[in-house]
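# Geometric and topological summary
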Amino acid sequence: MSSSREKASSHPPCRILMRSKDAVELYRVDEPNTAAASGVSQPNNSTADAPNKKCVTLARGMSTLHSFSRSGSKLLVHLPSSGVKLFDLSKVSNDEQAASSCITLKDTKGVQFMGFSTRGSYILTWERPLKATSAAGGGNPPPNLKIWSSITGKFLHGFSMKTCKRSQWPPVKWTHDEKLALHLVTNEIHVYRGHSFVEEEQVRYIDKVRCKDVSSFSVPESFTPSLVNVGQEDKYLLSTFVEEAKGKPARISLLRYPDRCGEVENPKSGSLLVSKSFYQAEDCSVMWSPKGDAALILTTTTVDTSGSSYYGSTNLYLLLSESKTGLDGDALSVPLPGSGSVSDVAWMPNAGKPPAFCVISGKMPAMASLHNGSTAEPIFLFGHGHRNTISWSDHGRFLTLGGFGNLAGGMDFYDRNKLKKIPQYDPRTGADLGANGNTASCTVGYGWSPSSRYFLVSTTTPRMNVDNGVKLYKYNGLEIRDTTIVSWDNSNFAPDRLLAAEFVPASPGAYPDRPQSPPPKRKEGEATNEEGLSAVIAPPVVAAYVPPVARYVPPGARNGNGSGGMSLAERMRKEREGNMMGATKVIPKSMVASGDRKKLPVGLAPTNDGKSKNALRKERQKLAKLKAEQMEREEKERKEREEKERMEAAANDPAKRAKKLNKILKQIAELKAKDPSTLNDDQKAKIASEAEVLRKLSELNV
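Residues numbered from 1 in each chain as written. Predicted model: local features only at pLDDT ≥ 70, side-chain atom pairs only at ≥ 80, totals over all residues. Heavy atoms only, no water.

Moving on, we get to the overall build of the chain. The helix and strand inventory of the chain stands at 10 helices and 38 strands. Burial status across the chain gives 40% buried among its 702 residues. Pairs at least 24 apart in sequence give 52% of the contacts found in the chain among residues at least 6 apart. Carbon and sulfur atoms make up 53% of the accessible area of the chain, which amounts to about 40100 Å² in all. (Helix = DSSP H or I, 4+ residues; strand = E, 2+ residues; numbered from the N terminus. Buried < 20%, exposed > 50% of the residue type's maximum accessible area, 1.4 Å probe, protein only. Contact = heavy atoms within 4.5 Å. Areas by Shrake-Rupley, 256 points an atom, 1.4 Å probe, with all protein chains shown as cover.)

The structure is reproduced here in structure tokens:
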């Protein structure tokens, strides 16, 4: 136990940023009993602890938003009274250092969006543009989309952008290595050298990607080389989204710059990697995999035309940059075990493990499922529950399924490596909480620490104007109340003083991937309190739920056998009685198709379930015939579809239509040269249509 504590204490403590209406503060979260384990007495009022206070005040006053760099070394805070302040958190351990390391960006009081580049070298801000009359000298207004240096805080370059939607932010994105910067403009994406804003006086884009009616685009923030994408370090994936308009479906496309950007709109480049078109897609969220080679696409609409959901409809797709069958990408529709809309979806963040993602779908109590990141097939079902939120720890080992927002706040903690739920015990009674787990009611914000040992939940304003505060839980769902770890006082934030709370992120590898600690041994009737001491108490008596006898079932909820239907009340009753589906593994389709066969010794032939060789041979021939017929039918449909598309394209192209009409006129001239008595009715009708053909040709103006 002491070696694990020494290993944990050798890493820097985690920190939590809390923004209230009075100040912006940084709290330190120490590992439990680190001072006691070292054997050195350090009282709270000692001078040795003064340079490293548990609470550091970064700024005082009202703040509106904040943003971290990916490594957590730098922080942006916007204060309406003074503007955007830049802090170097690697140099902050007390109030004096916080004041000395602060840089205020010039004329940034009106900033509404801000963020860092992928490696934290640049800052991007957006504010509402000034009117031409209020600009200096009455000329063009100054740029309102600005790029700054995160080292000096100096303004580098600016663009003009009238409006900025949250779905479009940021309109300037850097690649994972910051070698390129991409800027979204009307119908195009301009490509700049990543460091041209510092190194060049005249900043000009070096290339552009044409995409008509593009409304947003996305670039992966990380890239992990593999055997599949070796040699593609200078090629960058990006996605583009075109909204549904004028009866045309929405379209999401996966591109690879500079060689696969779409040959139709970019003649110098090749075809798109993959493109997916669909209707009923007002908004599109793109979530890149940790390796940066695949993306989850979640499309949403505010109104469900089928009328089955009040909250609109959703669709989930998986776009792969490399398919198993060829060099082109692939678009897969994610099969969802729960019928209904998608509540949340999130990738497992560890790029060193096989790709996987978690989805919560269906009506409440919803179904949570784990899917293969390469095939989109479900591999594990967490079961039904009132859950709508997914949160992975940074190492991808622990997973939290929460019911936040308009739900009661229940939380389940899972170990991804074991695919088992971590048991939770009441710290006061020692009772196993079972399927209920701990509850964090009125939760607004949440997140894991970079060490993957703590989980934070917060109640903040303006979403909740009562009971503002921050709670801290261990990775197993046990709430921490130890004042040596939780050093803040939630009464200072009551009732509506807390604006935001978030763990400061850290670089990958800053903390080790630690498994679960073995639970303390306890006898029956013995509980472990927060200080690790044991207390013998009487075992709690939990009354079993007794369902009512011959309960009344409304006619609208009855089915053929007289039992209740799947109304909301029935689903809640089934969950309370334990009749809902629990956690279970999913058998892959390939194993189902081949049968559940046991492993046999080498040389022993498998059993044929009583079938003769002739029956098995006929069965194989029948399956082969059905497969060949299906392939033939699909090939015929594909050719018909291509021919139809070709005919439609020819009908819409004036040059091709003119060529066709001229061909008909030539045929008419040849028929006129023949003896009229030798012509049939069809040939005479074609000659009679000459005036109509000439009229159509004149309308084309070719």
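That covers the picture; the talk isn't over yet.
With 4 bridges connecting them, strand S10 (residues 145-149) and strand S11 (residues 155-159) associate as antiparallel partners. Residue pairing across strands places Lys-146 opposite Gly-158, the latter belonging to S11. Linking two consecutive strands that pair antiparallel, namely S10 and S11, is a turn of 5 residues; a positive phi of about 75° is found at Gly-153 within it. (Pairing = 2+ DSSP bridges.)

Attention now goes to the side chain of Arg-397. Mapped onto the fold, Arg-397 is located in the loop between strand S28 (389-392) and strand S29 (398-402). In this structure Arg-397 comes out as buried when scored by relative accessible area, which is 12%. Sequence-distant contacts of Arg-397, that is, excluding residues within four places in its chain, are made with Lys-353, Tyr-414, Asp-415, Arg-416, Asn-417, Asp-513, Arg-514 and Pro-515.

On to the confidence of the model for the chain. Of the residues in the chain, 77% have a pLDDT of 70 or more, and the chain-wide mean is 79. Across residues 560-565, where pLDDT falls below 50, the model places 9 contacts with residues more than four positions away in sequence or in other chains. The low-confidence segment residues 592-597, where pLDDT is below 50, has 2 contacts with residues more than four positions distant or belonging to other chains. (pLDDT = per-residue confidence, 0-100.)

Moving on, we get to the side chain of Thr-125. Relative to the assigned elements, Thr-125 resides in strand S9 (residues 122-127). Since its relative accessible area comes to 0%, Thr-125 is described here as buried. At 3.0 Å, the side chain of Thr-125 forms a polar contact with the side chain of Trp-148. Setting aside chain neighbours within four positions, we find Thr-125 in contact with Val-111, Phe-113, Met-114, Asn-144, Leu-145, Lys-146, Trp-148 and Trp-169. (Polar contact = N/O pair within 3.5 Å; in protein donor to acceptor, adjacent residues only side chain to side chain.)

Right, let's get into the packing of helix H8 (residues 654-672) against helix H10 (residues 690-700). At a minimum axis separation of 10 Å, H8 and H10 run at an interaxial angle of 155°. When the interaxial angle is binned, H8 and H10 end up roughly antiparallel. In terms of crossing hand, the pair formed by H8 and H10 is left-handed. Seen from H8, the contacting residues are Pro-654, Arg-657, Ala-658, Leu-661, Asn-662, Ile-664, Leu-665, Ile-668 and Lys-672; seen from H10, they are Glu-690, Val-693, Leu-694, Lys-696, Leu-697 and Leu-700. (Axes fitted to C-alpha atoms, helices over the stretch in contact; angles between N-to-C directions. Parallel < 35°, antiparallel > 145°, perpendicular 65-115°, else oblique. Left-handed = near helix turned anticlockwise from the far one by under 90°.)

The next subject is a negative patch on the surface. A contiguous patch of negative charge, built from Glu-243, Glu-244, Glu-282 and Asp-283, is present on the exposed surface. Counting through the fold element by element, Glu-282 comes out in the loop between strand S19 (274-278) and strand S20 (283-288). Its relative accessible area of 46% is what places Glu-282 among the partly exposed residues. (Patch = residues over 30% accessible without salt bridge, like charges linked within 9 Å, V, L, I, M, F, W, Y side chains within 5 Å. Salt bridge = Lys/Arg side-chain N within 4 Å of Asp/Glu carboxyl O. Lys, Arg positive; Asp, Glu negative; His and termini not counted. Charge placed at Lys NZ, Arg CZ, Asp CG, Glu CD.)

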